Amino acid sequence: MRLLIKGGRVVDPASGMDQTSDLLIENGRILQLGSDLDSPDVQTVSASGLVVAPGLVDMHVHLREPGFEEKETVATGCAAAARGGVTTLVAMPNTRPTTDCPELIRLVREKAVSTGIHVFPAGAVTQGQKGEVLTDFTALHAAGAPAVTDDGVPVQNLALLRQALQTAKNLGIPLLDHCEDRDMVRNYAVNEGAVSEKLGLPGRPAIAEELQVMRDAMLAEETGAHVHICHISSGKAVDIVRRAKARGISITCETCPQYFTLTEEEILRQGTMARVNPPLRTIEDRQAILDGLVDGTIDAIVTDHAPHCQWEKEKPLPEAPSGMVGLETSLALALTGLYHTGLLPLSRVLGLMSSSPAAILGLEKGRIAEGSDGDLVIFDPDEEWTIDRNEFVSKGRNTPFHGFTVRGKVKYTISEGTVIYRED
Ligand code: DOR
């Protein structure tokens, strides 16, 4: 089985390659790069005028299965990934039951096989994400988990977290941490500040995130483990990571399009659609996130794709669940907010969404080179379009970006040489 991609602008952030080239994929792997390639019995895709980049690697996705199939399934979440140019993703463990044992890691992986998306479920840090007893990291890793996390429910117990980091270090896997002190944020809906005051609601203070990032950095230094901070949203937290990196601590972090595009003001316009944990913060925080992306403090752009049912998001703000979908809009939002604004060159944006997260996870993904997997996204970097949540293939319609005009449109997504999405 051969696939020939003709005449695209091939951008490989890992090697710095950025050139017009043909690309031949055979048996799932990139066989050859070059000009005027031809081959018998080949399926051809014309990429002239388009960018050919590594399939995106989204290291923070909620697929909801098992247990919350009304919100999303592995199949619908993976279809959304394909539509967004994502070929590899890490599925978060806050399912029902929690993916805290090898059987469940294998179950999620098996469900994903037919979708063409490479799904790597993260294992839970603690049994049932209860924050009490550590899971068996070795067994989870052997079953296919590239990392552990109790995402959504931060580990509060420091002795347990320290032990978790020691164990993760011995296995050579990162611990991904959702940083928000639970006693400080409770189930509050919005950032603590001007907007929470205006609404008369208790808020989630930025210090709740910053303290946990500081704590994680210190524990990473002490244990030598690799800590990865999930969806960083506070400017001071970015600065803590910056300083920790300067000290040589093994720490990385990710952010999401919502944090470099929106602010807490969005809650006043869109209510529950803009409710997410950690919350959208101030304009100064947003600027600090942009600065952290530009200076390399922030290592990855992820979606934190968190589908919820329409009826849940119709509840009053204090009761509605937190989260927003993102798989079908992340590339366009990143190109619009970071590349078309001139903040980052194209290859840097793509690196943040492919080679860099792959490296954090130790996955052989996010590369375009002879011999590497034929996972690609082909997109028009300039095409303008309007986000319409009714067109999503995800079950989730909970986006604050409905009606936004963006630039950058996915045309094809290819997984191991098979076209798994084409625009029309
Ligand atoms: O807003 C969020 N929603 N943040 C999380 O950490 C969890 C997620 C979810 O599972 O809905």
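Below is a short write-up of the structure. These figures come from a predicted structure and were not determined experimentally.

### Re the layout of surface pockets
Then, number 1: By volume, the largest pocket is sized at about 600 Å³.
Then, number 2: In terms of lining, the largest pocket is formed by 28 residues, of which the most central are N94, G152, N277, H308 and S322.
Then, number 3: Grouping the amino acids of the lining of the largest pocket by side-chain chemistry returns 8 nonpolar, 10 polar and 10 charged.
Then, number 4: Of the volumes computed, that of the second largest pocket is approximately 160 Å³.
Then, number 5: Lining the second largest pocket, in full, are R109, A112, V113, G116, I117, H118, V119 and F120.

### Quick notes on a nonpolar patch on the surface
Then, number 1: On the surface, M184, I207 and L211 cluster together into a nonpolar patch covering about 230 Å² of accessible area.
Then, number 2: With respect to the helices and strands, L211 occurs in helix α7 (residues 206-223).
Then, number 3: Taking the relative accessible area as the measure of exposure, L211 reaches 42% and is therefore partly exposed.

### A closer look at the packing of α7 against helix α8 (residues 235-246)
Then, number 1: Orientation of α7 relative to α8, taken along the N-to-C sense of each, is 15°, at an axis distance of 9 Å. With respect to α8, the axis of α7 lies roughly parallel. By crossing handedness, the relation of α7 to α8 is classed as right-handed. Across from E209, E210, V213, M214 and A217 in α7, the residues of α8 making contact are K236, A237, I240, V241 and A244.

### Observations concerning the site of the ligand
Then, number 1: Lining the immediate surroundings of the ligand are 14 residues, of which R64, N94, H178, N277 and H308 lie closest.
Then, number 2: Contact between the ligand and R64: an oxygen atom at 2.8 Å from a side-chain N or O atom of the residue.
Then, number 3: A distance of 3.3 Å separates an oxygen atom of the ligand from a polar backbone atom of G323.
Then, number 4: Protein contacts shield 93% of the accessible area of the ligand, which totals 290 Å² for the unbound molecule.
Then, number 5: With respect to the detected pockets, the ligand is housed in the largest pocket.

### Some thoughts on the packing of α8 against helix α11 (residues 283-294)
For any two helices packed against each other, the geometry is given by the interaxial angle and the distance between the axes.
Then, number 1: Viewed as axis vectors pointing N to C, α8 and α11 meet at an angle of 30°, and their least axial separation amounts to 8 Å. In terms of their interaxial angle, α8 and α11 are classed as roughly parallel. Note on element contacts: α11 touches α8 through D285, A288, I289, D291 and G292, opposite G235, V238 and R242.

Conventions and cut-offs
- Residues numbered from 1 in each chain as written.
- Predicted model: local features only at pLDDT ≥ 70, side-chain atom pairs only at ≥ 80, totals over all residues.
- Heavy atoms only, no water.
- 1 Å grid on protein atoms, 1.4 Å probe; cavity = no way out; pocket = protein on both sides within 12 Å on 5 of 7 lines; lining within 4 Å.
- Points joined across faces, edges and corners; volume = space filled by probe spheres on them.
- Nonpolar A, V, L, I, M, F, W, Y, C, P; charged D, E, K, R; others polar.
- Patch = residues over 30% accessible without salt bridge, like charges linked within 9 Å, V, L, I, M, F, W, Y side chains within 5 Å.
- Areas by Shrake-Rupley, 256 points an atom, 1.4 Å probe, with all protein chains shown as cover.
- Salt bridge = Lys/Arg side-chain N within 4 Å of Asp/Glu carboxyl O.
- Helix = DSSP H or I, 4+ residues; strand = E, 2+ residues; numbered from the N terminus.
- Buried < 20%, exposed > 50% of the residue type's maximum accessible area, 1.4 Å probe, protein only.
- Axes fitted to C-alpha atoms, helices over the stretch in contact; angles between N-to-C directions.
- Parallel < 35°, antiparallel > 145°, perpendicular 65-115°, else oblique.
- Left-handed = near helix turned anticlockwise from the far one by under 90°.
- Contact = heavy atoms within 4.5 Å.
- Near = heavy atom within 4 Å.
- Polar contact = N/O pair within 3.5 Å; in protein donor to acceptor, adjacent residues only side chain to side chain.
- Sits in = over half its atoms within 2 Å of the grid points.

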